[in-house]
Amino acid sequence: MEIVDEKTRDERLREDASPGVRHLKVAVPLPVTGTFTYSVPEGLRDRAVTGTRVLVPFGRRKITGFVVGYKEAPDDGAGAGADAAGDALAAGDAGKPAAAKPRELKDIIEVLDVEPVLSPSMIDLTRWIADYYLAPWGEVLRGALPPGINMESRRFVRLTDDGRDALKDGAPGVPAKRRRLLEVAADRDKLTVAHAIREAGLPRANHGDVDALAREGLLEIFEEIRKPATHAGREQVVHLKCSPAEARAHAEAIGKKAPKQADALRVLADAEGGIIPVSELTERGVSSATVTRLAEKMLVEREERDRPRLSTGLEGWGLADEGPLTTEQERALELVRGKMTAGEFGVVLLHGVTGSGKTRVYSEAVEAALDAGKGAIVLVPEISLTPQMVQRMRKDFGDRVAVIHSGLSLGERYDTWRAIKEGMFPVVVGPRSAVFAPVADLGVIVVDEEHEQTYKQSESPRYHARDVATMRAKLEGAVVVLGTATPSMETYLNARDGKYDLVELPERIDAGPLPEVEIVDMREVPTVDSEGAFSAELRDAIGETLDGGKQVILFLNRRGFASFVQCMSCGHTERCPECNVSLTYHSVGQEMRCHYCGLTNKAPSKCPECEGLNLRFGAPGTQRVEKAVHELFPQATVARMDVDTTTRHGSHWRILKAFAEGKTDILLGTQMIAKGLDFPGVGLVGVVAADVALNLPDFRSGERTFQLLTQVAGRTGRGKERGKVLVQSYLPDHYTIELAKAQHFTPFFEREIEEREGLGLGYPPFTRLVGIVAKGKTESQVIQAAGRLAEFLDRGAAGMEEPRPEVLGPAPAPLERIKGVYRWQVLVRGKGASARALVAAALAQKASLKLPSSVTLAIDVDPLDLL
C-alpha cells in the first residue's frame, strides 16, 4: 500500500452545506466515476449537509446518493445532473464513458437522514480508497455503510387495453421486435423494463422501443420506489400517564369491577419508568383489549419506540488465566501507549510465534485506548474467529463490545451500526467490513493475522482492509497494531526498513516449546485407507493421540469429496462447461459441483465418453478424508468444518464450541481452522496434503503455503504438553516445506525476497501490480478488448519516465472461463505508483479505446492472486 497526502485538510470536502448552499456534489453507488452536481430546493437546504444521503434522479430512475461536498455555483457545463456528468462504467467494474452534455441541473428529491451518516474523516477515507483502488467513490461509500438502507426506483411496464386489443388483431404495423415486447408484457401483471427487454431478446440498452410503445399507448410505463431492505428496530410499548402511586390507587379502586385492568396497572407501576413492551404484557396475561380500556380512561398510552437488534457476539468458551506481561509484551504496549498519548499515527508490527501472547497485547492496547477516552476496532480474518475474540474482549471490557459481520441479519447489522455511531459500543470486533465501523475518537485498530488474504475484497471496490485500517488511523491520528506469526512480505519489509515499529515475540508464554514437526514423504510410503488419504505414520499418530485423551485437528485446504473424477480407460475428466475447470465430486447427494458457478450434475456411474466403468476419484477433498477417518477410527467423534458445513447461522460457533468442550475428538477442516484458534486439548495436527497451494500458478504460492503450515502447526501444544505436527507432502525437499517444519520465518523471508527480486522487474514488495481482467460472454470480443487495452497501456508506458512500468499480456486468465464468462487479463507492473498511474490515465481516456459494449473490465490494484 502507498500512503500519500493528496490534498491538505482545508482542500478536502469537509464543510457542511449551509442554508444558503444551492448546489451539492453527490456520489452515487453505481460503477461510474466522479461526482454529480445537483441543485437543492429551498425547503431542503437546511438538511442537505455533507455526509447525508439524498434521493436523486439519475437517468431513468431514482437512487440514493451521498452528499460529499457542495458548490456555490456549478462550473460551466459541469454536468447538469445525474445523467450528464462523470464517466459511466458498465455494470461490474468499468465500461464505456458517457458523453457529457450541458443540461439544466436537477433537484434532489429528498434528504434521507436527520443527521449525517458519514463523518468528515470517513468521507476522506472513502475518497482515498476510490482514488487508490481506482474504484467508483459511490460504491465505496455504500460499502462503508450497513447494507440494505438505500432506496432506489425501478421502472415497470404493463400492457394497456389498447395493447391487448392490438395483440388480438395481430398488432398490424408494429415491428416484430416491438411485438415481442407486447407479447412478453401480456403474460404478466407487471415486469421491469430491463426484464421485458431481456425476455424479448432485444439488446440490453434498447429502451427506445419500450418508450415508442408507451407513446403509442400500447404499453404503460410506471415507477415504484423500492424501500430500504432494513430499518431501525421498533416495538410497541405501553407507558403510564400517571405516577406509580396514582396507578396503584386506581388499581385498588377498580380491583373488584375490573380485576384485569387493576392487574395491568400494578404491573406497570412496578416497571422501571412505568414502561413495558406490549409483548411482555401479553406474556403476563394482559390482553390488548385491557390496554385499550385503560387508554380510554387516559391512564396509559401506547407508543412505538426503537428496539435495537444488537449483536454482542455468540457465547465463547473457557479462557486460560494469564500471568504478568512479558518484557516483549510490555515493549509493544509502551510503543502503543506512547503514540496514543501524543496523538500520533503509527504502525506496530507484533511478530510473535503462535501462542506467544499476541491477543493479550491486543486487549491491553484496547484498554489503553478506553482509558484515554478513545475507541478501538479489532479486525479478524474469518467469522469463525469472531466468537473467541469477542469473548476475550467481553471478558475484559464487558458490554462495551459490539460485533459486526456478514452472518448477522440486515436488521442486526443496522441497529448495531447505529448503536456504535451513538457511542454505546466503543469497542468493535469483526472481519473486513468492520474497518468502517463509526467508532468516534478512534485510538487503536488491531489487525489480527494481518497476512490473511481474506482481508482483501474480491469484488469492487477491491480494497485491502489492513491498508484501509492504516490509512484510517493516519487520518484520525490513531495507532495500528498488526499481529501475526507469519507476516506478509510487504509488511515485514516495511518493518525491516523502519516504516513500522517491529516487536518480536520469539517464545511462547511460559517458555512453552513449539510443537514437534515431522514431514512424511508420500513418494516413499503407501497410503493405508481406501481413499488414499493417510499414511501409516499419520494413522498411527492419530490413534496414539486419541488413546492419550487428546484431540486431533486434520487440515486439508480442499473441500468436497474429490477434486476430480477421471476415467482410467480413456482419460476423460468431467469439467464445467461454463467455467472450464474440473468438477468436484461431493459424496452427499452423489453430485458433481463446480465451486465457481455452482453448477451441479449427478455423479456419473460410467464414463460419458467411452462408457468405461473404471473411474478414478482424484485428490481427496474434506468429504473423502472424513469418510476415511470414520473407517479408520469408528469410535471417534468427528466434525468437518468447511464452506459446505458452515452455511447456517451460528454453525461456525457450534462446531468450534463442541470441540472446545471436548465433545469432538477430531476436527477436520479447510483454512478456516488453520489460524487464531486456541484449544489446549489438541495434541496432534495432521496436514493431509501440504502441496495444494504450492501447485497454483501464482508467485505468492510459496508464501501462502508457509503461512498455512506454520499457522496450522500452531494449533497444537497450546497447553502444558508439547504438541506434534505431521505433514504429508509429495514435495518434502521444497524450501517452503523445510522452513515451515523448522518454523523459521526470517530465513523464509530472506529466501522468498531473493526469489521475487530476481524475477525480471521483480514482484511485490519490490514492485506494485495492477491486474485488469476483461470479461464477456463472447470470446473474440474479450480477446479484442484485452489486446486494445494492452496496446494502449504500452503506448502510455513508453511516454513515462524511467523506470517505466511493464505491461504483461494480454493472456487468458488461469481460470479462463467462469459462469460462461470468458476472462483475459493484462498485468501492469511498476515501481512506486507508476503502474497505478498508467492504468488510471488509461481509464480516463477509455472512450478512445472503443471497447465492445459487452465487455467489462475488472481493476484490481495490489492483487493477492492472479487466478
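Residues numbered from 1 in each chain as written. Predicted model: local features only at pLDDT ≥ 70, side-chain atom pairs only at ≥ 80, totals over all residues. Heavy atoms only, no water.

**Quick notes on the environment of Glu450**
Thinking step 1. Counting through the fold element by element, Glu450 comes out in the loop between strand S18 (442-448) and helix H15 (465-476).
Thinking step 2. Taking the C-alpha atoms as reference points, Glu450 and Leu379, separated by 71 residues in sequence, lie 8.9 Å from one another.
Thinking step 3. Apart from the residues within four sequence positions on either side, Glu450 is in contact with Tyr455, His464, Arg466, Leu482, Gly483, Thr484, Pro487, Ser488 and Thr491. (Helix = DSSP H or I, 4+ residues; strand = E, 2+ residues; numbered from the N terminus. Contact = heavy atoms within 4.5 Å.)

**Let's talk about the packing of helix H1 (residues 120-132) against H15**
Thinking step 1. At a closest axis distance of 10 Å, the pairing of H1 and H15 adopts a crossing angle of 140°. Judged on the interaxial angle alone, H15 and H1 are oblique. Like other packed secondary-structure pairs, H1 and H15 cross with a definite hand, here right-handed. Across the interface between the two elements, Ser121, Met122, Asp124, Leu125, Trp128 and Ile129 of H1 pack against Asp467, Val468, Met471, Arg472, Leu475 and Glu476 of H15.
Thinking step 2. Residues of the contact of H1 with H15, tallied by class, amount to seven nonpolar, one polar and four charged. (Axes fitted to C-alpha atoms, helices over the stretch in contact; angles between N-to-C directions. Parallel < 35°, antiparallel > 145°, perpendicular 65-115°, else oblique. Left-handed = near helix turned anticlockwise from the far one by under 90°. Nonpolar A, V, L, I, M, F, W, Y, C, P; charged D, E, K, R; others polar.)

**A look at the packing of aromatic side chains**
Thinking step 1. Taken as a whole, this structure holds 13 aromatic pairs when the rule is applied.
Thinking step 2. Counting every residue linked through ring pairs, the aromatic cluster contains Tyr492, Phe706, Tyr735, Phe745, Phe748 and Phe749.
Thinking step 3. The aromatic ring of Trp137 is capped on one face by Arg127, whose charged end is 4.9 Å from the ring centroid.
Thinking step 4. Just above the ring of Phe156 sits the side chain of Lys190; from NZ or CZ to the centre is 4.5 Å. (Phe/Tyr/Trp six-rings, centres within 6.5 Å; stacked < 30°, edge-to-face > 60°. Lys NZ or Arg CZ within 6 Å of the ring centre and 35° of its normal.)

**Section: the confidence of the model for the chain**
Thinking step 1. Per-residue confidence for the chain averages 81 on the pLDDT scale, and 83% of its residues sit at or above 70.
Thinking step 2. Low pLDDT (under 50) marks residues 2-19, which in the prediction has 42 contacts with non-local residues, meaning those over four places away or in another chain.
Thinking step 3. Taken together, the stretch residues 75-101 has pLDDT below 50 and engages in 76 contacts with residues farther than four places along the chain or on a different chain. (pLDDT = per-residue confidence, 0-100.)

**Some words on empty space enclosed by the protein**
Thinking step 1. Evaluation of the coordinates by the stated rule reveals five cavities of 30 Å³ or more.
Thinking step 2. Taken as a whole, the largest cavity encloses approximately 70 Å³ of empty space.
Thinking step 3. Lining the largest cavity are Phe555, Asn557, Ala689, Ala690, Val692, Ala693, Thr705, Leu708 and Leu709.
Thinking step 4. Broken down by element, the lining of the largest cavity gets its largest block of residues, three residues, from helix H20 (residues 701-713). (1 Å grid on protein atoms, 1.4 Å probe; cavity = no way out; pocket = protein on both sides within 12 Å on 5 of 7 lines; lining within 4 Å. Points joined across faces, edges and corners; volume = space filled by probe spheres on them.)

**Notes on the sheet that holds strand S17 (residues 427-430)**
Thinking step 1. Ordered by their spatial adjacency, seven strands build an open sheet running S16-S17-S15-S18-S19-S14-S20, and the pairing between neighbours is parallel. In this open sheet, the two edge strands, each paired with only one partner strand, are strand S16 (401-403) and strand S20 (501-505). With direction set aside, neighbouring strand axes in the sheet form an average angle of 15°.
Thinking step 2. Here strand S15 (residues 375-379) pairs with S18 via five bridges, running parallel. Pairing of Val378 across the sheet is with Val446, part of S18.
Thinking step 3. Along the sheet, helix H11 (residues 327-342) contacts strand S14 (346-352), S18, strand S19 (479-484) and S20; its crossing angle with S20, the most-contacted strand, is approximately 155°.
Thinking step 4. Sheet strands touched by helix H12 (residues 358-371): S14, S15, S17, S18, S19 and S20. Its angle to S18, the strand with the most contacts, is close to 165°. (Pairing = 2+ DSSP bridges.)

**What to know about helix H16 (residues 489-496)**
Thinking step 1. Of all eight residues making up H16, seven are buried, and the element is well covered by its neighbours.
Thinking step 2. Where H16 is concerned, the buried positions are Met489, Glu490, Thr491, Tyr492, Leu493, Asn494 and Ala495.
Thinking step 3. For H16, the elements touching its buried residues are S14, H15, S19, S20, H20 and helix H22 (745-757). (Buried < 20%, exposed > 50% of the residue type's maximum accessible area, 1.4 Å probe, protein only.)

**Topic: a negative patch on the surface**
Thinking step 1. Residues Asp161, Asp162, Asp165 and Asp169 make up a contiguous surface patch of negative charge.
Thinking step 2. By the element assignment, Asp169 lies in the loop between helix H3 (161-168) and helix H4 (176-186).
Thinking step 3. Judged by its relative accessible area of 61%, Asp169 falls in the exposed class. (Patch = residues over 30% accessible without salt bridge, like charges linked within 9 Å, V, L, I, M, F, W, Y side chains within 5 Å. Areas by Shrake-Rupley, 256 points an atom, 1.4 Å probe, with all protein chains shown as cover. Salt bridge = Lys/Arg side-chain N within 4 Å of Asp/Glu carboxyl O. Lys, Arg positive; Asp, Glu negative; His and termini not counted. Charge placed at Lys NZ, Arg CZ, Asp CG, Glu CD.)

**Considering the pattern of salt bridges**
Thinking step 1. Tallied over the entire structure, the rule returns 37 salt bridges.
Thinking step 2. Between Lys374 and Asp441 there is a salt bridge whose closest N-O contact spans 3.5 Å. Taken together, the residues Lys374 in the loop between H12 and S15 and Asp441 in the loop between S17 and S18 connect sequence positions 67 residues apart.
Thinking step 3. Overall, Asp441 belongs to the partly exposed group, its relative accessible area being 45%.
Thinking step 4. Residues Asp467 and Arg466 are paired through a salt bridge, measuring 3.1 Å at the closest nitrogen-oxygen approach.
Thinking step 5. Its relative accessible area of 5% is what places Asp467 among the buried residues.
Thinking step 6. Since its relative accessible area comes to 9%, Arg466 is described here as buried.
Thinking step 7. Sharing partners across several salt bridges, the network here consists of Lys177, Arg178, Asp209 and Glu216.

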